[in-house]
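Each chain is listed here by its residues.
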Amino acid sequence: MREQDASPVIEGTLLSWFETGLEGIVWAVHEDGKAGYSGLNPLRDGDHLQILEADGTLIWEGTIDLDREVNRRPYPFNPGVSGHAVRGCWVKGLQRGVDLGLWFHWFQDEKCARLRKLARPMSFDDLPLLPLDSSLDLADRHYYGLTCRGCQRTVRMGIRRAVRLAGGQRTEDWLKRLRCVACGHRGAGIQLLADVRNHETIEREGLLSVTQEK
Ligand SMILES: [Zn+2]
């Protein structure tokens, strides 16, 4: 018997994900059989990861626990962003208790991986992991929850809509300055929420309408 909310195991390969806008390597698992962003799973604290040789031999197993403070320095080309400088690379967090050289090697070698994601809402700390670009499939699976600090009214907003309305400002900065239409208070608490339904359910029921807002 499987629990209703148990996350499925994702089979794939380790990926050192880097692209313009991330300003650092994000540790991820790319799911087998999926193309591009739809197969991308950035590792987050609390996720359970197994790293395996191609023959199935277990190399490492544990709960993701990323140290985001070690070697932390401002990013030279964007002082508002900080990261970890390691071996000439910028990375987003280092796994506690694992030799850094080994960790790098496993990801560069694209070892086999089995990932069980912790099913829970994303937090504000996860925002830098998401490139806020309207063309990305990640926007199909995540949305903002905004809570008015005046009247506690909550609304949801799709990432694509937020990016469009922010008009080039940093999306989260713009969201935090929104004025509540009910009480007039300016200032919202924002949370990034994830659609944690499994693939089968999403295929059957479709994407959440909030994520499809333009
Ligand atoms: Zn309000």
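This text follows the structure it describes.
These numbers were taken from a predicted model, which means no experiment stands behind them.

About the thresholds
- Residues numbered from 1 in each chain as written.
- Predicted model: local features only at pLDDT ≥ 70, side-chain atom pairs only at ≥ 80, totals over all residues.
- Helix = DSSP H or I, 4+ residues; strand = E, 2+ residues; numbered from the N terminus.
- Buried ≥ 20, exposed ≤ 12 C-beta atoms within 10 Å, placed from the backbone.
- Contact = placed C-beta atoms within 7 Å.
- Pairing = 2+ DSSP bridges.
- Axes fitted to C-alpha atoms, helices over the stretch in contact; angles between N-to-C directions.

Undergrad: How should the overall build of the protein chain be read in this particular structure?
TA: Check the secondary structure of the protein chain and you find 4 helices and 14 strands. Buried positions account for 21% of the 214 residues belonging to the protein chain. Intrachain contacts of the protein chain at a sequence separation of at least 6 include 60% that bridge at least 24 residues.

Undergrad: Sorry if this is basic, but what is going on with the sheet that holds strand β4 (residues 48-52) here?
TA: Consider a sheet: its strands pair through backbone hydrogen bonds, and that pairing is either parallel or antiparallel. In space, the 6 strands of this open sheet follow the order β3-β2-β1-β11-β4-β5, with antiparallel pairing throughout. The open sheet is flanked by β3 (40-42) and β5 (58-63), the only strands paired with a single partner. Pairs of neighbouring strands in the sheet enclose a mean axial angle of 35°, with direction left out of account. The sheet contacts of helix α1 (residues 100-108) involve β1 (9-17), β2 (26-31), β4 and β5, and relative to β1 the element is tilted by about 110°.

Undergrad: How should I be thinking about the sheet that holds strand β14 (residues 188-194) in this particular structure?
TA: Strand order in the open sheet made by the 3 strands is β13-β12-β14, with antiparallel pairing throughout. Across the chains shown, the open sheet's two edge strands, defined by having one partner strand only, are β13 (154-158) and β14. Taken pair by pair, the neighbouring strands of this sheet meet at an average axis angle of 25°, ignoring direction. Where strand β12 (residues 142-148) meets β14, 7 bridges bridge the pair, whose relative direction is antiparallel. Within β14, the residue paired with T147 across the bridge is G189. The strands touched by helix α2 (residues 159-166) within the sheet are β12 and β13, with β13 carrying the most contacts at an inclination of about 85°.

Undergrad: Which parts of the structure should I look at to understand the pairing of β12?
TA: When a strand is regular, its side chains alternate between the sheet's two faces. Two elements, β12 and β13, share 5 bridges in a ladder whose sense is antiparallel. Across the sheet, T147 pairs through a bridge with T154, a residue of β13. Counting the residues that bridge the hairpin from β12 to β13 gives 5 residues, and of these Q152 lies at a positive phi of roughly 70°.

Read these as geometric descriptors, not functional statements.
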